[in-house]
Amino acid sequence: GAVVSQHPSWVICKSGTSVKIECRSLDFQATTMFWYRQFPKQSLMLMATSNEGSKATYEQGVEKDKFLINHASLTLSTLTVTSAHPEDSSFYICSASTLSYEQYFGPGTRLTVT
Amino acid sequence: EDQVTQSPEALRLQEGESSSLNCSYTVSGLRGLFWYRQDPGKGPEFLFTLYSAGEEKEKERLKATLTKKESFLHITAPKPEDSATYLCAVPGPGGSEKLVFGKGTKLTVNP
């Protein structure tokens, strides 16, 4: 149980284009979903927290207009990287939590912007 | 400020050589302590949740324990496939759902 999927697992896009990443909780309804990014050999960095039907709460320093988050249902959240640039290349990971504060992570999406 | 500190940063073991990883925390009103395993290029995999001092949980060669100040992840007779980074996390202050992570312990088990 408690499986979270992400799609795509990797994506390459050209600078200036937008990319959408989907995060789904497959066998449970998530009260909250989170988006992280991780650079090589570094810790997870929380980007934003989202609840179904509400606007996402972004961490300090994260550009809201660049990283658009939509949380359409209790099982689906999407992250859109708009006007992507090479510095946006990273490993993006979502997680979904239950009322017990446990977070279950997706497998991650490797984004490369050329 | 709530804080999670993991030690050691890195640990190399021979196959079959048991050891422990440490996670110390300073947080008021603990609402759970979580252990994860992360392999390179993958998202963290949930291992355990501990809620109260004295609690223990086991999964295969792993056993997690909790005291009022720290948690240990004991690895018994590890195998090379146990090599990974092990992360410890607690919920943030004030009822926050956000997790505060330690920096992790990178475990390498040599055959």
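All figures in this text were calculated on a predicted structure; none of them were measured in a lab.

Definitions and cut-offs
- Residues numbered from 1 in each chain as written.
- Chains lettered and ligands numbered in written order.
- Predicted model: local features only at pLDDT ≥ 70, side-chain atom pairs only at ≥ 80, totals over all residues.
- Heavy atoms only, no water.
- Disulfide = S-S within 2.5 Å.
- Helix = DSSP H or I, 4+ residues; strand = E, 2+ residues; numbered from the N terminus.
- Buried < 20%, exposed > 50% of the residue type's maximum accessible area, 1.4 Å probe, protein only.
- Pairing = 2+ DSSP bridges.
- Axes fitted to C-alpha atoms, helices over the stretch in contact; angles between N-to-C directions.

Trainee: Explain the state of the cysteines here, please?
Mentor: Between two cysteines, a covalent bond joining their sulfur atoms is known as a disulfide. Under the definition given, this model contains two disulfides over all chains. Two residues, C23 of chain A and C94 of chain A, share a disulfide whose sulfurs are 2.0 Å apart. Around the S-S axis, the bridge from C23 of chain A to C94 of chain A shows a dihedral of about 80 degrees and counts as right-handed. Residue C23 of chain A is found in strand β3 (residues 19-25), and its partner C94 of chain A is found in strand β9 (residues 90-97); the two are separated by 71 residues along the sequence. One disulfide bridge connects C23 of chain B with C88 of chain B, the sulfur atoms lying 1.8 Å from each other. Every disulfide takes its handedness from the sign of the S-S torsion; for C23 of chain B and C88 of chain B that torsion is -45 degrees, giving left-handed. With C23 of chain B in strand β3 (residues 19-26) and C88 of chain B in strand β9 (residues 84-91), the pair connects residues that are 65 residues apart, well separated along the chain. When its relative accessible area of 0% is taken as the criterion, C23 of chain B is described as buried. Free of any disulfide, C13 of chain A has its nearest neighbouring cysteine sulfur in C94 of chain A, separated by 18 Å.

Trainee: Would you explain the sheet that holds strand β8 (residues 76-81) of chain A in this entry?
Mentor: Two pairing modes exist for strands in a sheet, parallel and antiparallel, and in both the strands are linked by backbone hydrogen bonds. Residue and element names in this part refer to chain A. The antiparallel open sheet is built from four strands, whose spatial order is β1-β3-β8-β7. Strands with a single pairing partner mark the edges of an open sheet, and in this sheet they are β1 (4-7) and β7 (67-73). Ignoring which end each strand starts from, the neighbouring axes of this sheet average 15 degrees apart. The pairing of β7 with β8 spans five bridges and is classified as antiparallel. Residue pairing across strands places N70 opposite T78, the latter belonging to β8.

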